[in-house]
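Examining the three-dimensional arrangement
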Amino acid sequence: MPVKTITGFHAIEERVLKASKDQKTGNMQIFWSKAGPRVKKILAAAKEAGISCFQESDKTLDQRASVLSEENRDHRGIILVVEEEGGRKSNIIDFDAWLNSSRAKSEKERQTVLVLDSVTDPHNVGAIIRSADQFGASLVIIPDHRGTKDIENNEVIARSSAGSVAWVPVAQVTNLVRTVQLLKDEGFWVYGADAGGESIEKFSFTPKSVIIMGNEGSGIAKLLSEQCDSIISIPTMGKIDSLNVSVAAGVLLYEVYRQSLK
């Protein structure tokens, strides 16, 4: 059974919370060295959920974290070890199954899908997933061949998402154009983000919306752009001509959420 080592307060807290909610904590263990305030909080939640916790030296934790990338080895006194069946996490889902389940929802019920086209930086992907969680996105779609690899085991994404990657459904697909076409067939309207598009100040999102975010350098691929019903932009006043893709995604997701509250 594959073993996953997780560091970072946010990432550990969210994995413990989700496992407790799903009542799937038997495959988890926590190892800690010094019980600072954040560590004590995590240990209390873990023990309440029935997760075994063991105190070890910093040197032993360093050894456990040595399997991770350099930027994720700073364990700050606590590590979560998870044995994962088949190496898959529950938030990685099958797109066709998700689409089938979405048909049962009311046409007026808000469903927001975020498509990431060639967004390869795991820090950006993690930050986008964090915004998707905060503003209620229903699904994040990432391509197999033009996106971040190994979403379910990427510690940079886990940290950048502040643990939200444990909650937000993510689908990896082989063909983004086909995927967007299927969403359109189900009544979703598709909006591509580009600096030259229509300002969101004058725009109303439909209850079933797809937002496509492209690569910061090349933008949205031509064939995918042709699937968009509208091209939208965020009004800005800075000296440079564009926002970081994760910031832009957060602004657009917030605007969809804000409009849904009216």
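Moving on: the overall build of the protein. A tally of helices and strands in the protein yields nine helices and ten strands. Counting across all 262 residues of the protein, residues that qualify as buried make up 49%. Relative to all contacts within the protein whose residues are 6 or more apart in sequence, the contacts with residues 24 or more apart total 79%. As displayed, the protein has an accessible area near 13,100 Å², and 49% of this comes from carbon and sulfur atoms.

Now for the confidence of the model for the protein. Averaged over every residue, the pLDDT of the protein is 85; residues scoring 70 or more account for 87%. Taken element by element, the predicted model of the protein shows its lowest mean pLDDT in helix H6 (residues 155-160) (69) and its highest in strand E9 (residues 208-213) (96).

At a closest axis distance of 8 Å, the pairing of helix H5 (residues 122-134) and helix H9 (residues 245-260) adopts a crossing angle of 10 degrees. Relative to H9, the element H5 is oriented roughly parallel. Contact residues: H5 offers Asn124, Ala127, Ile128, Ser131 and Ala132, while H9 offers Val245, Ser246, Ala249, Gly250 and Leu253.

Membership of the largest hydrophobic core comes to 28 residues, with the highest contact counts inside it found for Leu114, Leu116, Val140, Phe205 and Met213. Put simply, the parts of the chain that give this core at least two residues each are strand E5 (111-116), H5, strand E6 (139-143), strand E8 (189-199), E9 and H9. Among the elements that line this core, the one with the most residues is H9, at six residues. Sequence-distant contacts of leucine 116, that is, excluding residues within four places in its chain, are made with Val125, Ile128, Val140, Ile141, Ile142, Pro143, Leu176 and Met213.

Two side chains with opposite charge may pair up if their charged atoms get near one another. Counted according to the given criterion, the structure contains eight salt bridges. Residues arginine 178 and aspartate 96 are paired through a salt bridge, measuring 3.9 Å at the closest nitrogen-oxygen approach. Taken as a pair, arginine 178 in helix H7 (residues 176-185) and aspartate 96 in helix H4 (residues 95-102) lie far apart in primary sequence, 82 residues in all. Among the residues examined, arginine 178 registers a relative accessible area of 41% and is labelled partly exposed. Owing to a relative accessible area of 39%, aspartate 96 belongs among the partly exposed residues under this scheme.

Here the focus is the pairing of E8. Sheet analysis places E8 next to E9, joined by four bridges and oriented parallel. By the bridge assignment for E9, tryptophan 189 is matched with serine 209. Where E8 lies against strand E10 (residues 230-233), five bridges are found, and the strand directions are parallel. Within the sheet, the bridge partner assigned to tyrosine 191 lies in E10 and is serine 230.

Attention now moves to the sheet that holds E10. The parallel open sheet is built from six strands, whose spatial order is E7-E6-E5-E9-E8-E10. In this open sheet, the two edge strands, each paired with only one partner strand, are strand E7 (170-173) and E10. Here the strands of the sheet are splayed against their neighbours by 30 degrees on average, with no regard to which way each runs. On the sheet, H9 packs against E5, E8, E9 and E10 and is oriented at approximately 165 degrees with respect to E9.

On to the environment of phenylalanine 9. Looking at the secondary structure, you find phenylalanine 9 in helix H1 (residues 9-22). Distance from phenylalanine 9 to glycine 77, taken between C-alpha atoms, is 9.6 Å for residues 68 residues apart in sequence. Ignoring sequence-local partners within four residues, the contact set of phenylalanine 9 consists of Arg38, Val39, Ile42, Arg76 and Ile78.

Let us now look at the sheet that holds strand E1 (residues 3-6). Backbone-to-backbone hydrogen bonds join strands into a sheet, with any given pair of strands oriented parallel or antiparallel. With mixed pairing, four strands are arranged side by side in an open sheet as E1-E4-E2-E3. Edge strands, defined here as strands with exactly one partner in the open sheet, are E1 and strand E3 (52-55). Strand-to-strand twist in this sheet, taken as the mean axis angle between neighbours without regard to direction, amounts to 20 degrees. Looking at chain direction, strand E2 (residues 28-32) and E3 are connected through four bridges and run parallel. Bridging across to E3, phenylalanine 31 finds its partner in phenylalanine 54. Relative to E2, helix H2 (residues 37-49) is tilted by about 150 degrees, and along the sheet it contacts E2, E3 and strand E4 (78-83). Across the sheet, helix H3 (residues 58-65) is in contact with E1, E2 and E4; its angle to E4 comes to roughly 45 degrees.

The rules behind each value
- Residues numbered from 1 in each chain as written.
- Predicted model: local features only at pLDDT ≥ 70, side-chain atom pairs only at ≥ 80, totals over all residues.
- Heavy atoms only, no water.
- Helix = DSSP H or I, 4+ residues; strand = E, 2+ residues; numbered from the N terminus.
- Buried < 20%, exposed > 50% of the residue type's maximum accessible area, 1.4 Å probe, protein only.
- Contact = heavy atoms within 4.5 Å.
- Areas by Shrake-Rupley, 256 points an atom, 1.4 Å probe, with all protein chains shown as cover.
- pLDDT = per-residue confidence, 0-100.
- Axes fitted to C-alpha atoms, helices over the stretch in contact; angles between N-to-C directions.
- Parallel < 35°, antiparallel > 145°, perpendicular 65-115°, else oblique.
- Core = buried A, V, L, I, M, F, W, Y, C linked by side-chain atoms within 4.5 Å.
- Salt bridge = Lys/Arg side-chain N within 4 Å of Asp/Glu carboxyl O.
- Pairing = 2+ DSSP bridges.

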